[in-house]
Each structure stands twice: as C-alpha cells, then as structure tokens.
Amino acid sequence: MLLRQQQRIVISSSPTIFMASKHLLKPTTPTLPLKLSLSSPVTISAFPLKPNSRILPISLKTSALPYTSQSNVPRPVYSVNPEGTGNFSSRLSFLKKKLEVIGFDTEMLKPGQYSHLTCPKCEGGNSMEKSLSLFITLDGDNAQWLCHRAKCGWRGGIRAFVDGRSSNGSLNPIIKMKPKREITEKGLGLEPLCSELVAYFGERMISKETLARNCVMQKTYGNQSTIAFTYRRNGVLVSCKYRDVNKNFWQEKDTEKIFYGVDDIKQASDIIIVEGEIDKLSMEEAGFYNCVSVPDGAPPSVSTKALVSEEEDTKYQYLWNCKEYLEKTSRIILATDGDAPGCALAEELARRLGRERCWRVKWPKKNEGEHFKDANEVLMYLGPDVLKEVIENAELYPIQGLFNFSNYFNEIDAYYHHSLGFELGVSTGWRGLDGLYNVVPGELTVVTGVPNSGKSEWIDALLCNINRSVGWKFALCSMENKARYGESIERMNVDEFEQGKKWLSETFYLIRPDVMVLYCPSTVMKFDQKFHPLTFSSERLLSLPTANWSENESLPNIKWVLDLAKAAVLRHGIRGLVIDPYNELDHQRPPSQTETEYVSQILTMIKRFAQHHSCHVWFVAHPRQLHNWDGAPPNMYDISGSAHFINKCDNGVVIHRNRNPEAGPIDQVQVWTTGVYTDIEGTPGE
C-alpha cells in the first residue's frame, strides 16, 4: 500500500463522510478536513458493510481526492500498520484457529491480502477450482470471504474475539464445519459378514452377491456382531452406519452425510430414494441398481417452517452433499415407507428436490385394512416381480392445483353407475319444472324476481318437496321473512302441531345473528301419518330478537354465513343452503375494489363452499330498480350489482307474478329458468 507507515488519521467532528480507494490514496498531505493526532489508530473502510443508497455509483472529486466504485467486495483501508500493537499476534492466531474450525487452510493467509482458496462448502465443484476469495484485515481481527462459483455463492465473515458477522453487516451465526474424519475399514475394525448375518439377510430375500456388491460388513462388540453398512463415494469409505439385532441404529461421528449407494446414481437420469439400507438392497434384488437410501431415517411429521438455506439445512445435508448427482436426474421415485413418518419424509424430499420431477410409490395392500410398509416387505411376501411392478407403476407426486383426469375417475364412475344417488339431480316436485331445472349437489342457483313475486315462498315449497322425496336437510339464512297467521289455511289440532314442530326441528336449521327463532307450523303445514308435509302456505318463520341484539349492530357478511353453514354441514348433515336476500348482508369492501370485483369474489366463495361440501346453494338477489317497467318478467342481467350473477351461477331462476289482469291470470306464478349450463340441471325455459 502507498500509505505512510507513521501517519495516523482521525475523523474530525465534521458530519462529512469520506470514502477512499486504496489504489488512489497518495502519500501527500491531505487537503480534506482531516487532522493529525497521536491518538489510537482508526480504520476507514473504502466500502460500507451495508449499502445505504440505491443510486448507482458515480465518480466523486473532492479536493483532488477522487472516488470511483470498482467492486462490491469490501476492501478495508488502514492508515497504520497494526503490527505495532501488542495483541496483534494473539488476535491473528486466534482468528486463524476459528477459520480452521470452519474448514479453511490458513497456512498461506496473510493480513491485508486477498487469498484464493478452495471453498470448504462446495470444494470447488468437479474441477476443484480455488473459487473462494478471503481477506484478513491488517489488524488481524476480521476475516471475510466469498465463493465466486455460481452454484455456491457462500459468503460470510468472522472476528477473532466476537461473534461472527456476515459481509452485509447483519448478525449471522457462522456455520461451523467440523473437519471430516478420514476412516478406513481397518481403523473401524470392520470384518466380512459371518454366516449368521448372511443367513439373516437371506431370510429377508437379500442374496450374498448383493451384500458383497454393496460392501455390507460387520463389526464385533464383545460377543455381539452388528451389521455395518459402509457409505462410500467413488469407492472410498466416508461413513459407516451400524444396526444390531434389536434394530438399534448408530453412525460414525464427524463423517460426511451422503446417500447410501451414491455411486450407483452417478450417471442415472432416473433414481429411486428409499428410507433404509435394506430397502436399497431389496431394490437391487428386483433389478433396480439406480437406488439410494437416506442415512437418517424419516422425521415424525412434515415441518411447518419455511425452507432454510443449504448451510442451515443440517437434517437434510446429505441432499446438498450429493447435489451434483441429483441435478442430473429428471425423474426421482420416492419409495419411502408407507407410514406417517415415511410420507413426511417423501414430502420433505419433494419440497427440496422439486415436486415436478418426483413420483410416489403406492405400496400394495396386505389385507383389507393394511398396506405393505416398504420395499423389503413387498420383496419378502410378494417377490421381486411384484416389487418391480410397484416401482414401474409409481404415480406422479401431487402438485397443488395440477391434476390428471385419473384423479377424477372415482367421481366419473359414480356418475356412470349412479352410485351416489343424486348425480342427475333431485326432482323439484313439479313435473312441469323437472324438465327445465333439477337440483344438483355442489351447485349454485341464483333466484331473482321483482318484489312480492313469491321468490321466498317458491324456495320454501321447493325445500319441502325435496325433503319429502329424498329427506334432505337445509340451513336457512333469511333476513326478511317473518311468520304470520294464515287465515286461509285450516288450523292444525294439537297433535298435528306437535308433529309439525318435530319435523321442522329435524329438517331446518337457521342462520341468523343473535336471534332466538321459533317456527309457527300451525299456520303453514298439514302432515300425513308419516309426518310428511301435505300443504304449504306462504308463511315461514317467527323470529324473536334477544335482549343483546339491536338493529344498530353490523350485518353479517358472507364469510360469517358460510362458516356457520359449514358447521351445519358437519353437525347436522344439511344438503341445501338458502341465502335470502343478497342485499341484507354486509357488503363492505376495500375502496380499491369495484362492486363487480366484489360480487365475483363472493360468488366464488359460495361456489367453493357448495362444491367442497356437496351442498346446493340458493342465493336470492333482487333486480335493480326497473324504470318504466311494463310488467314483464326481469332477466338475470337486471340483478342489482353485477352481471356476474348470471355469468358465475350454475342455474338462474326468475320468479314472476303477473300483475295485469288483461295480460293473463294474476293468481299464478311463472318460473323462468335461464343460465343452465349442463344438461343435468335442465334447459332454459318457462
């Protein structure tokens, strides 16, 4: 460097911040507002640890001291040689010891210089290049590094006497990479398998040739021989896992985590991953050599946390240590165990390897209530041919939102065989209407009509017809209707009244905000001997507000209604939901959301509820004010709010009552069907 050895620079009290490039500093007297002092030396960094501006670097000139950004790599500039301080040697020595623990070779490292090293994380890849740049400050207190390999990019920093810091200045724990033990068969005391262990494997359908190919050995502890599964890469022993007769497992400490059998997938485009070493050997008996086993078994459940970086993903470090093999594969068959931990392992592997290239094995049934657990069970009980067939028939790993038609074959079969009972819809109870409209589970019907046309009464009668024919139960969210005494209906006797209450209690469930509800069946129903309704009038409910309900309270919104309807499905088994009417719900929406967008959103919520719970929903919506109305029935596009009412519903029904005696009878109700999108529900008509 071109700095004078004895010069000490101290920043003045001026708020001005100065930056300097070590390549441009000259040993001339500075003209900037700096002052000389005999105080302790101060370090000035040429580049800040954390960028504080998004402005692109530009050339600055201040008092003939120019600055131009040359690199994003920190280049500390020191005004003094810190070797004069008493603690320099001990700081540097301690810093190097920390670097050695991480995995760096510190023999050639010198303060104030950049050193090109082999990265301890990626080991330079296949070419073993020295891709990591490491810099130690002149005072021996701080080291920072960056690996320039695109597939690695590992960066970090550490100080001699404080916790490590990353290069951007935020606190990060340093991942301590312990040096890996070099092990040998002789050093571990490994021996060829004895006849008893060979016979044990023979009982599990594993041949002596397969054991020899995979270098399965044994280790003796006292009088007991344990199985030793040797983990090798490029034929070199890197780790060893043991299993005793009681199925206890343990591994050699401080050895590298890799797949068992990793050499078998070096050039493979398709690979199989299993949960245990014996499953790997079983795959070979079925003819699959492109198989590896995880070293650490399966987790108890899928983690709910987000994926972490490769350095922090210690539980699955074997994946990243074998990344160069996995990157070449296009198809990964996950043949983990069929129990809950095995399924969790499959999900954790798929999350890291990419679901789009994963397949999942479905183990065959052992009996009516059980499946075989793993590859070795299938090999032992069904033989190698069946195991081969199971692997060849592996299914695509599910990806949320992406489906194959085979996922719906059960539903298609149910429609074809009429096994569910309501595939073609339920009769309305009116023969003249059945050809135009049928009630299908999982669909949405929007009902409209001018006020006092009988929309709610028609729905009531429809529900009673459906209950009588197929026994459906219903939830009613009706804000407008109240019960009144029906003068034109013959009054029930006491027995009929009690029977009516029982039927209502078992058939209908109310969704209303903080109200106590009573039905008044004496004005609406007559029953036969089997408690089925015989007649129905236009009167519905009697609702008594409770003391804690006031009209000033906010109206319920659609989410509140659907949450209670879901509870009614689970608790009471309802098959139909009535929301009557749309304008009685709370429709507050964000200022940035239009009414059309809002209507589309709530209709989507309703349809999802219907489909998910196989429940038919009737949604009553009033038309907007009809100016110069001539008495003709409205259409679905007249509904106040949005054309989405017709665009997104499965069925549209218009209820109309003629009010002009000259145009026809005024004591009849017309039912218009429109917007029927499949032949199952019906066809448009009157």
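Residues numbered from 1 in each chain as written. Predicted model: local features only at pLDDT ≥ 70, side-chain atom pairs only at ≥ 80, totals over all residues. Heavy atoms only, no water.

1. Section: the overall build of the protein
This is how it is decided: Helix and strand definitions here come from DSSP, where helices need a minimum of 4 consecutive H or I residues and strands a minimum of 2 consecutive E residues; each element is numbered from the N-terminal end. Only protein chains enter the area calculation, which uses a 1.4 Å probe; residues under 20% of their type maximum are buried, those over 50% are exposed, and those in between are partly exposed. Residue contacts are counted whenever heavy atoms from the two residues lie within 4.5 Å of one another.
Within the protein, the regular secondary structure consists of 17 helices and 31 strands. Taken over 686 residues, the protein has a buried fraction of 44%. Of all intrachain contacts in the protein linking residues separated by at least 6 positions in sequence, the fraction that spans at least 24 positions is 66%.

2. A short note on the sheet that holds strand β7 (residues 114–117)
For the record, the criterion: Strand pairing is defined by DSSP finding a minimum of two bridges between the two strands. All axes are obtained by fitting lines to C-alpha atoms, using only the stretch in contact for helices, and the reported angles, taken between N-to-C directions, cover 0 to 180 degrees.
What the four strands build is an open sheet, ordered β7-β8-β9-β10; its pairing is antiparallel. Looking at strand neighbours, the two that pair on one side only are β7 and β10 (155–159), the edges of this open sheet. Averaged over all pairs of adjacent strands, the angle between strand axes in this sheet comes to 20°, irrespective of strand direction. Bridging between strand β9 (residues 142–147) and β10 involves five bridges; their strand directions are antiparallel. Looking at β10, one finds that leucine 146 is bridged to arginine 155. Along the sheet, helix α1 (residues 88–102) contacts β8 (132–136), β9 and β10; its crossing angle with β10, the most-contacted strand, is approximately 145°.

3. Concerning a nonpolar patch on the surface
Selection rule: Like charges within 9 Å and nonpolar side chains (Val, Leu, Ile, Met, Phe, Trp, Tyr) within 5 Å are joined into patches, using only residues over 30% in relative accessible area that form no salt bridge. Note that accessible areas follow from Shrake-Rupley with a 1.4 Å probe, and for residues the cover is restricted to the protein chains shown. In the sections that follow, a salt bridge refers to a side-chain nitrogen of Lys or Arg positioned within 4 Å of a carboxyl oxygen of Asp or Glu.
The grouping of Phe403, Phe405, Tyr408, Phe409 and Ile412 at the surface amounts to a nonpolar patch, some 560 Å² of accessible area in total. Within the secondary structure, phenylalanine 403 is located in the loop between β20 (395–396) and α11 (409–417).

4. Considering the pattern of salt bridges
Counted according to the given criterion, the structure contains 24 salt bridges. Between glutamate 284 and arginine 213 there is a salt bridge, with its nearest N and O atoms 2.8 Å apart. Of this pair, glutamate 284 sits in helix α5 (residues 277–285) while arginine 213 sits in helix α4 (residues 208–213), and the two are 71 residues apart along the sequence. Given a relative accessible area of 41%, arginine 213 falls into the partly exposed group.

5. Some remarks on the sheet that holds strand β28 (residues 576–580)
As summarised here, the arrangement of the seven strands in space is β23-β22-β28-β29-β21-β30-β31, forming an open sheet in which the pairing is mixed. Since the sheet does not close on itself, it has two edges, and those belong to β23 (508–510) and β31 (669–674), each with one partner. Across the sheet, the mean angle from the axis of one strand to that of its neighbour is 20°, orientation sign disregarded. Pairing between strand β22 (residues 474–478) and β23: three bridges, direction parallel. Across the sheet, the residue bridging to leucine 476 is leucine 510, located in β23. Strand contacts of helix α14 (residues 494–507): β22 and β23, with the helix running at about 65° to β23, the strand carrying the most contacts. Contacts from helix α16 (residues 595–613) reach β21 (444–448), β28 and β29 (616–620), with the element oriented near 155° to β29.

6. A word on the side chain of aspartate 337
Inspection of the secondary structure puts aspartate 337 in the loop between β18 (331–335) and α8 (340–353). On the basis of relative accessibility, which here comes to 5%, the residue aspartate 337 falls in the buried class. Not counting residues within four places of it along the chain, the set of residues in contact with aspartate 337 comprises Glu275, Asp279, Gly342, Cys343, Arg360, Trp363, Lys373 and Asp374.

7. Focus on the packing of aromatic side chains
Quick note on the threshold: Two aromatic rings, drawn from Phe, Tyr or Trp (for Trp, its six-membered ring), form a pair once their centres lie within 6.5 Å of each other, and the interplanar angle then sorts them: stacked below 30 degrees, edge-to-face above 60, tilted otherwise.
Counted according to the given criterion, the structure contains 23 aromatic pairs. Seen in terms of ring centroids, phenylalanine 403 and tyrosine 408 are 6.0 Å apart; in terms of plane orientation they differ by 65°. Their pairing is edge-to-face. With 5.8 Å between their ring centres and 80° between their planes, tyrosine 582 and phenylalanine 619 make a pair best called edge-to-face. In this pair, tyrosine 582 is assigned in the loop between β28 and α16 and phenylalanine 619 in strand β29, connecting sequence segments 37 residues apart. Accessibility expressed as a relative area gives 9% for tyrosine 582, which makes it buried. In textbook terms, an aromatic cluster arises when at least three aromatic residues are bridged by ring pairs, as seen for Tyr200, Phe201, Phe229, Tyr231 and Tyr260.

8. Comments concerning the environment of arginine 360
Of note, arginine 360 is situated in strand β19 (residues 358–360). Owing to a relative accessible area of 15%, arginine 360 belongs among the buried residues under this scheme. C-alpha separation for the pair arginine 360 and leucine 334, spaced 26 residues apart in sequence, amounts to 5.0 Å. Apart from residues no more than four positions distant in its own chain, arginine 360 is found in contact with Leu334, Thr336, Asp337, Gly342, Cys343, Ala346, Ala394, Glu395 and Tyr397.

9. Quick word on the packing of helix α15 (residues 558–572) against α16
Selection rule: Our angle categories are set so that under 35 degrees counts as roughly parallel, over 145 as roughly antiparallel, 65 to 115 as roughly perpendicular, and the remainder as oblique. Under the scheme applied here, ten amino acids are nonpolar (Ala, Val, Leu, Ile, Met, Phe, Trp, Tyr, Cys and Pro), four are charged (Asp, Glu, Lys and Arg), and all others, including Gly, are polar.
At a minimum axis separation of 11 Å, α15 and α16 run at an interaxial angle of 5°. It follows that α15 is roughly parallel to α16 by the angle criterion. Here α15 contributes Ile558, Lys559, Leu562, Ala565, Lys566 and Val569 to the contact with α16, which in turn contributes Ile602, Met605, Ile606, Phe609 and His613. Grouping the amino acids of the contact of α15 with α16 by side-chain chemistry returns eight nonpolar, one polar and two charged.

10. Observations regarding the confidence of the model for the protein
Worth spelling out the cut-off: How sure the predictor is of each residue is captured by pLDDT, a score from 0 to 100.
This prediction gives the protein a mean pLDDT of 77; 75% of its residues lie at or above 70. Confidence drops under a pLDDT of 50 for residues 515–553, and excluding neighbours within four residues, the segment shows 102 contacts in the predicted structure.

11. Here's the deal with α1
Keep this limit in mind: Multiply 1.5 Å by the residue count of a helix minus one, and that product is the helix's expected span. Think of it as the arc spanned by the lines of direction from the helix axis to the C-beta atoms.
The terminal C-alpha atoms of α1, which comprises 15 residues, lie 21 Å apart, in line with the 21 Å expected from a rise of 1.5 Å per residue. Within the span of α1, buried status applies to Phe88, Arg91, Leu92, Leu95, Lys96, Leu99 and Ile102. Projected down its long axis, α1 carries its buried residues within an arc of 130°, all on one side. Opposite its buried face, α1 presents the exposed residues Ser89 and Lys97, each directed more than 90 degrees away. Residues of α1 that are buried make contact with β8, β9 and β10. Backbone geometry just downstream of α1 places glycine 103 in the positive-phi region, at approximately 125°.

12. What to know about the pairing of β18
Which entries qualify depends on this criterion: For crossovers, right-handed means that the path from the first strand over the helix to the second runs clockwise, given strands pointing away from the viewer.
Burial of β18 is extensive: four of the five residues sit out of reach of the surface. Inspection of the sheet shows strand β16 (residues 270–274) paired to β18 by five bridges, in the parallel sense. What sits directly across from isoleucine 272, in β18, is isoleucine 333. In this structure, β18 lies alongside β19, joined through three bridges in parallel fashion. Residue pairing across strands places isoleucine 332 opposite cysteine 358, the latter belonging to β19. Following the backbone out of β18, through α8 and into the adjacent parallel β19, one traces a crossover that is right-handed.

13. A few points about the pairing of strand β12 (residues 216–221)
As paired elements, strand β11 (residues 190–191) and β12 share two bridges and run antiparallel to each other. Within β12, the position partnered with leucine 190 by the bridge is lysine 219. Connecting β12 to the next strand, strand β13 (residues 224–233), in antiparallel fashion are two residues, including glycine 222 with a positive phi near 65°.

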